[in-house]
Amino acid sequence: MADQGLDHSVFVARPHVVRVITIITTAVLCAMAAIGWFLLPREIRVLFTVPQLVTLLGILALLILGMVALGRSYVRADATGLTYRNGLRVHAVPWARVHKIILRSGDPWALLLMTPSDGRPFEVDLDADRRQLMGIQRVDGELATAAVNELRLRHRRFLEAS
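This section reports on the structure supplied with the text.

What follows covers the pairing of strand β4 (residues 89-94). Within a regular strand, side chains alternate between the sheet's two faces. As paired strands, strand β3 (residues 81-86) and β4 are joined by 6 bridges and run antiparallel to one another. Each residue of the ladder has a partner; that of Y84, found in β4, is H91. Between β3 and β4, which pair antiparallel in sequence order, lie 2 residues; one of them, G87, sits at a positive phi of approximately 70 degrees.

This brings us to helix α4 (residues 142-161). Between its terminal C-alpha atoms α4 stretches 28 Å, which fits the 28 Å expected from 20 residues at 1.5 Å a residue. For α4, every residue scored as buried is listed here: A144, A147, V148, L151, R154, H155, F158 and A161. Here the buried residues of α4 occupy an arc of 155 degrees about the axis, which is enough to place them on one side. Of the residues in α4, the exposed ones pointing more than 90 degrees away from the buried face are E142 and E160.

Another aspect to go through is the packing of helix α1 (residues 16-39) against helix α3 (residues 50-71). At a closest axis distance of 8 Å, the pairing of α1 and α3 adopts a crossing angle of 170 degrees. As judged from the angle between their axes, α1 and α3 are roughly antiparallel. When α1 is examined against α3, the residues V18, R19, T22, T25, T26, L29, C30, A33 and W37 are found in contact with a partner set consisting of L53, L60, L63, I64, M67, V68, L70 and G71. A per-class count over the contact of α1 with α3 returns 12 nonpolar, 4 polar and 1 charged.

Strand pairs in the sheet, formed through backbone hydrogen bonds, run parallel or antiparallel to each other. With antiparallel pairing, 3 strands are arranged side by side in an open sheet as β5-β6-β7. At either end of the open sheet lies a strand with only one pairing partner, and these are β5 (98-102) and β7 (129-137). Going from strand to strand, the sheet's axes swing by 25 degrees on average, the running direction of each strand aside. Note that β5 and strand β6 (residues 109-114) share 4 bridges and pair antiparallel. Paired with K100 across the bridge in β6 is L113. Sitting on the sheet, α4 is in contact with β5, β6 and β7, with an inclination near 160 degrees to β5.

Here the focus is the environment of V148. You can see V148 is positioned in helix α4. Looking at V148, the relative accessible area reads 3%, which means it is buried. Those residues in contact with V148, other than ones at most four positions away along the chain, are I101, L103, A110 and I136.

Parameters and conventions
- Residues numbered from 1 in each chain as written.
- Predicted model: local features only at pLDDT ≥ 70, side-chain atom pairs only at ≥ 80, totals over all residues.
- Heavy atoms only, no water.
- Pairing = 2+ DSSP bridges.
- Helix = DSSP H or I, 4+ residues; strand = E, 2+ residues; numbered from the N terminus.
- Expected span 1.5 Å × (residues − 1).
- Buried < 20%, exposed > 50% of the residue type's maximum accessible area, 1.4 Å probe, protein only.
- Arc of directions from axis to C-beta.
- Axes fitted to C-alpha atoms, helices over the stretch in contact; angles between N-to-C directions.
- Parallel < 35°, antiparallel > 145°, perpendicular 65-115°, else oblique.
- Contact = heavy atoms within 4.5 Å.
- Nonpolar A, V, L, I, M, F, W, Y, C, P; charged D, E, K, R; others polar.

Structure (structure tokens):
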């Protein structure tokens, strides 16, 4: 049977420090916006039109949405391969396409190197399609290193089983 030795459990890595920063920054931005609004003299606040208020709230919402999207990034590994979210988009990569998972000392997040999907010959790492795994952030230190090691171990198990 081809999947003997494969790990059927699910492993999920999420950016811990980025999530904390997202929560704190969101709270501070909302508090600063509210305080700033109420510090304006009443005669100035009444000059704002509804479209202007909606625009200001929209800008605040976009800032928060961007931070939340980054904080919700993840990398999920199971017997079929990797599923990862970078911002708002979710991607699935079967183990057969995974060449290598790396996290070098200067990288902000882990990188997934994949074999080309168009049938090009694959000779060296430079030929690989690169994808950022923003769910594994260097700022998480040992947690990031452990997550990359776990993904490498699962990839190695897939290669041995196939």
